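For reference, the chains in residue letters:
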Amino acid sequence: MDEREIQPAPSSLKAKVWRHFGFYRMPGSTALDMTHTVCKLCKTKTKYFGSTTNARAHITRHHPELSDTEQSQPPAADQRTLQCFTKLPANSERAKNITRSIACFIAKDLRPCSVVENEGFVCMLQTAEPRYAIPSRKFFTETAVPQLYNETKRKVASALTETTRVALTCDAWTSRATKSFVTFTAHYITHMWVLESRVLQSRVMHESHTAINVNAMFHSVANEWELTVLDLVIVTDNAANMLAAAQIDNLAHITCFAHTLNLAAQRALKLTTVSRLLGRIRRITGFFHRSAIANHELLEKQKFLQLLVHKLKTDVATRWNSALDMIERFLKQQPAICAVLLSPQVRKSGSDICTLSDTDISTAEEIASALKPMKDATHIMSGFYAYTLSYCSFACSIAARHGGSWRCCC
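Residues numbered from 1 in each chain as written. Predicted model: local features only at pLDDT ≥ 70, side-chain atom pairs only at ≥ 80, totals over all residues. Heavy atoms only, no water.

Asker: Lay out the sheet that holds strand E4 (residues 45-47) with the relevant residues and their values.
Answerer: On the basis of which strands lie adjacent, the open sheet formed by 4 strands has the order E1-E2-E3-E4 and antiparallel pairing. Each edge of the open sheet carries a strand with a single partner, namely strand E1 (7-8) and E4. Where strand E3 (residues 36-39) meets E4, 3 bridges bridge the pair, whose relative direction is antiparallel. Across the sheet, residue Thr37 finds its bridge partner in E4, namely Thr46. (Pairing = 2+ DSSP bridges. Helix = DSSP H or I, 4+ residues; strand = E, 2+ residues; numbered from the N terminus.)

This is how it looks when you write it as structure tokens:
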């Protein structure tokens, strides 16, 4: 057997089979003998004519295990196939499905149509499907999303015609851009006894919210969705214009129980004893929000007293339950708050801030005890898939049982 060292194939030979073959050097020279290839495994010499045919045949015949490896070798990571350069036709089924998915993403997640131009979004789609050409922002604004809306509207309208009775909830609200909107939501039970809720529309209402204009809006919604106004049950808040609008046609009208709870709670919070106590607590929580020193001391005292590390809450005027949250958080952190307000370092910056007296603490506990059932009742009535009408008497009985303690604190 030839004992000469097998030299690697020249770098110009790129085929993978050359990992198993090489060449001998010419006798007395450093040049390679390119007339025969040499198998590195069995040292067999094979005639070389400038191709890898003989080498591959040798591998297949004498080393079949290597032949299987060669055939199953995946393409290089940077190797691009012809398919990568072929764009998907816009009318192909896959392209249509991707476009529809993007439209659903925009509609369901409330994304702006400009998201299709964002660099990260484009990169994600190019990674998922390089052949897909993303349509323009204008296409989604004027074509894709409106088509999805019309398709969904037909499905909802068909479902409404198949049910025997529909309840509409109506709510007027103002956006941050100071535009007035009215939103209508339909609630119905399917033939499978499943409660469904669908937002029918949120429309700008430029006219004054008089009873006549609101009643006209009722008729407009009913006509658009092919509903009979007199067969509807309309649920609104307790606003006078809403009550008067329903009385024009003697419509079946129910006032929102959760809104009634809200009005009762708001009225209770305006009582002199309650409003003064909320003002004292609000002043203390506001001080901790403004003072970095007091906030840091509160954190240290919470750890020292093994209390939950929570920031203090301040109520919001438009949300009555935020007053309850503020009181409950204050009562839980009362030991840490007292310790901080008595420390000399904090007294320098907040000398006029005083903690609550024992009487104030007792009053705060009674207020929290009275408001807690109302908050629980509001959460129950706000359930999306719950038949909330059956909870009304239950919620009233809970609130009535705590009426004594509420009168006591006032």
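Asker: Please set out the packing of aromatic side chains residue by residue, giving values where relevant.
Answerer: The relative placement of two aromatic rings is captured by the distance of their centres and the angle of their planes. In total, this model carries 8 aromatic pairs according to the counting rule given. Here Trp173 and Phe181 contribute two aromatic rings whose centre-to-centre distance is 4.8 Å and whose plane-to-plane angle is 15°, an arrangement assigned as stacked. Grouped by ring-pair contacts, the aromatic residues Trp18, Phe23 and Tyr48 constitute a single cluster. Above the face of the Trp225 ring, Lys153 is positioned so that its terminal group lies 5.4 Å from the ring centre. (Phe/Tyr/Trp six-rings, centres within 6.5 Å; stacked < 30°, edge-to-face > 60°. Lys NZ or Arg CZ within 6 Å of the ring centre and 35° of its normal.)

Asker: Just give me the short version of the sheet that holds strand E5 (residues 167-174), but keep the residues and values in it.
Answerer: One key point about sheets: their strands pair by backbone hydrogen bonds, in either a parallel or an antiparallel sense. Spatially, 5 strands are ordered E7-E6-E5-E8-E9 in an open sheet, and the strand pairing comes out mixed. Strand pairing shows two members of the sheet lacking a second neighbour, strand E7 (195-204) and strand E9 (252-255), which therefore form its edges. Here the average twist between neighbouring strands, direction ignored, is 25°. (Axes fitted to C-alpha atoms, helices over the stretch in contact; angles between N-to-C directions.)

Asker: So what's going on with the side chain of Thr52? Residues and values would help.
Answerer: Among the secondary structure elements, Thr52 is positioned in the loop between E4 and helix H1 (53-62). Looking at Thr52, the relative accessible area reads 19%, which means it is buried. What Thr52 contacts, discounting residues up to four positions off in sequence, is Ala15, Val17 and Trp18. (Buried < 20%, exposed > 50% of the residue type's maximum accessible area, 1.4 Å probe, protein only. Contact = heavy atoms within 4.5 Å.)

Asker: Any chance you could break down H1 for me, citing the residues and the numbers?
Answerer: Turning to H1, its buried residues are Ala55, His58 and Ile59. Down the axis of H1, the smallest arc covering the buried residues is 100°, so these residues share one side. Projecting away from the buried face of H1 at angles above 90 degrees are the exposed residues Thr53 and Arg61. (Arc of directions from axis to C-beta.)

Asker: Please set out the nonpolar core residue by residue, giving values where relevant.
Answerer: Of all hydrophobic cores here, the largest spans 36 residues; its most connected members are Ile284, Phe288 and Ile337. Elements with a contribution of two residues or more to this core: helix H8 (257-269), helix H9 (272-290), helix H10 (292-304), helix H11 (320-332), helix H12 (334-341) and helix H14 (358-381). The element best represented in this core is H14, accounting for 8 residues. In contact with Ile337, other than residues within four places in its own chain, are Ile284, Phe288, Leu298, Leu312 and Phe330. Counting 25 residues, the second largest nonpolar core, distinct from the first, contains Val156, Ala186, Ala211 and Leu232. (Core = buried A, V, L, I, M, F, W, Y, C linked by side-chain atoms within 4.5 Å.)

Asker: I'd like a description of the pairing of strand E8 (residues 233-236), backed by residues and values.
Answerer: With 3 bridges connecting them, E5 and E8 associate as parallel partners. Bridge assignment links Thr169 to a residue of E8, and that residue is Val235. Pairing between E8 and E9: 4 bridges, direction parallel. Among the inter-strand pairings, Ile234 is bridged to a residue of E9, identified as His253.

Asker: I'd like to hear about the pattern of salt bridges, residue by residue, with values.
Answerer: Applying the stated criterion to the full structure yields 11 salt bridges. A salt bridge links Arg198 to Glu196, with the nearest nitrogen and oxygen atoms 3.2 Å apart. One salt bridge in this structure joins Lys372 and Asp376, with 3.0 Å as the shortest N-O distance. With Lys372 and Asp376 both in helix H14, this residue pair falls 4 residues apart, about one helical turn. Given a relative accessible area of 32%, Asp376 falls into the partly exposed group. Each of Arg94, Glu129 and Arg131 takes part in salt bridges that share partners, so that together they form one network. (Salt bridge = Lys/Arg side-chain N within 4 Å of Asp/Glu carboxyl O.)

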